[in-house]
Amino acid sequence: MITDIKQQKRSKGRFSVYVDGKYAFAVSDLDLGLSGLWVGQDISDEQIAELKDSGEESKAYNQVIRYLSYRPRSEREVRDYLVKKGIGEEMADQITGRLRRAGLINDQEFAAGWVANRQLLRPRSRRRLEQELMSKGVSGEQIGAALAEMNPEDELSVLMGVIEKKRRLSQYREPEKLVGYLARQGYGYDLIKKALERLDSAPDF
């Protein structure tokens, strides 16, 4: 029998349910209203197990929503977050499925947004962007589609800007060291050569 239902002190939107005088499980305020639980209600072991699972999933889902509020995430990032929270494989599948259907995670949109954001705030080479997205668990096909939206002239323009900044530093005044640095950043030698030729041929004003 349910002997008490108390609002949790640390989580105002969750309630602890006590059965036969002992804590049994916790539910959200929404789940509490939908389930119609009340003090004095007889409840079976099967119902307790079902409500416990539902309560855990609801808690994990709300935690993920907060996690997503800081910035967009890939599906791999969401699953890794759930694993760190101790969520099992089956429940993680259910939660990511809900998020996918709600449009809250979408790796194709994530990849496109990642590329656009990087090029605006922290320019990267195509190769470096590809590596970053791979580390986020985005598929090769989705990465290819996102990078296809990049204008080759934009990447060249970004590289030229990087070169101009690095040339102001003493350690990169030697061409070999500058080229080596750019190559390590993922820029191809043909693109580096083109950027250097365009910069060196530009008239001084």
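Everything here concerns the structure above.
Report follows, based on the coordinates. (Residues numbered from 1 in each chain as written. Predicted model: local features only at pLDDT ≥ 70, side-chain atom pairs only at ≥ 80, totals over all residues. Heavy atoms only, no water.)

Some remarks on the overall build of the chain
For the chain, the helix and strand inventory stands at 10 helices and 3 strands. In the chain, the succession of helices and strands from N to C terminus is β-β-β-α-α-α-α-α-α-α-α-α-α. At 26 Å, the chain has a C-alpha radius of gyration far larger than the 17 Å of a compact globule built from 205 residues. Counting only C-alpha atoms, the chain reaches 85 × 35 × 25 Å along its principal axes. (Helix = DSSP H or I, 4+ residues; strand = E, 2+ residues; numbered from the N terminus. Rg over C-alpha atoms; globule rule 2.2 N^0.38 Å.)

Quick look at a negative patch on the surface
Residues Glu 50, Asp 53, Glu 56 and Glu 90 make up a contiguous surface patch of negative charge. At 3 residues, helix H2 (residues 45–70) tops the list of elements feeding residues into the negative patch. Mapped onto the elements, Glu 50 comes out in helix H2. The exposure class of Glu 50 is exposed, given its relative accessible area of 59%. (Patch = residues over 30% accessible without salt bridge, like charges linked within 9 Å, V, L, I, M, F, W, Y side chains within 5 Å. Areas by Shrake-Rupley, 256 points an atom, 1.4 Å probe, with all protein chains shown as cover. Salt bridge = Lys/Arg side-chain N within 4 Å of Asp/Glu carboxyl O. Lys, Arg positive; Asp, Glu negative; His and termini not counted. Charge placed at Lys NZ, Arg CZ, Asp CG, Glu CD. Buried < 20%, exposed > 50% of the residue type's maximum accessible area, 1.4 Å probe, protein only.)

Description of the nonpolar core
Core analysis: the biggest nonpolar cluster contains 16 residues, and Leu 159, Ile 163, Leu 178, Leu 182, Tyr 187, Ile 192 and Ala 195 have the highest contact counts within it. Of all elements in the fold, only helix H8 (152–167), helix H9 (175–184) and helix H10 (189–201) reach the threshold of two or more residues within this core. Those residues in contact with Ala 195 that sit more than four places away from it in its chain are Leu 156, Leu 159, Met 160 and Ile 163. Judged by nonpolar contacts, the second largest core, of 14 residues, contains Val 64, Leu 68, Tyr 81 and Ile 95. (Core = buried A, V, L, I, M, F, W, Y, C linked by side-chain atoms within 4.5 Å. Contact = heavy atoms within 4.5 Å.)

Quick look at unusual backbone geometry
Not every positive phi belongs to a glycine, and Asp 20 is a case in point at roughly 55 degrees. By relative accessible area, Asp 20 is classed as exposed at 57%.

Focus on helix H6 (residues 126–135)
Residues spaced three or four apart along an α-helix point in a common direction, a consequence of the helix completing one turn every 3.6 residues. Taken together, the buried positions of H6 are occupied by Leu 129, Glu 132 and Leu 133. When H6 is viewed along its axis, its buried side chains cluster within an angular range of 95 degrees and face the same direction. Of the exposed residues in H6, those oriented more than 90 degrees away from the buried face are Met 134 and Ser 135. Summarising the contacts, the buried residues of H6 are in contact with helix H5 (107–121) and helix H7 (140–148). (Arc of directions from axis to C-beta.)

A word on the pattern of salt bridges
A full pass over the atoms with the stated rule returns 11 salt bridges. Here Arg 100 ties to Glu 75 by a salt bridge, and the two come within 2.9 Å at their closest N and O atoms. Taken together, the residues Arg 100 in helix H4 (residues 89–101) and Glu 75 in helix H3 (residues 75–84) connect sequence positions 25 residues apart. A network of salt bridges, in which partner residues are shared, links Arg 71, Glu 77 and Lys 136.

Some points on the side chain of Ser 16
Looking at the element boundaries, Ser 16 is found in strand E2 (residues 14–19). A polar contact is formed between the side chain of Ser 16 and the side chain of Gln 8, at a distance of 3.1 Å. When residues no more than four places from it in sequence are discounted, the contact partners of Ser 16 are Asp 4, Ile 5, Lys 6, Gln 8, Tyr 23, Phe 25 and Ala 26. (Polar contact = N/O pair within 3.5 Å; in protein donor to acceptor, adjacent residues only side chain to side chain.)

A word on the sheet that holds strand E1 (residues 2–7)
The sheet built from 3 strands is open, its strands ordered E1-E2-E3 with antiparallel pairing. With one partner strand each, in any of the chains shown, E1 and strand E3 (22–28) form the two edges of the open sheet. Adjacent strand axes in the sheet meet at a mean angle of 25 degrees, parallel and antiparallel pairs treated alike. The sheet contact formed by E2 and E3 spans 6 bridges and is antiparallel. Opposite Ser 16, over in E3, you have Ala 26 as the bridge partner. Sheet strands touched by H2: E2 and E3. Its angle to E3, the strand with the most contacts, is close to 50 degrees. (Pairing = 2+ DSSP bridges. Axes fitted to C-alpha atoms, helices over the stretch in contact; angles between N-to-C directions.)

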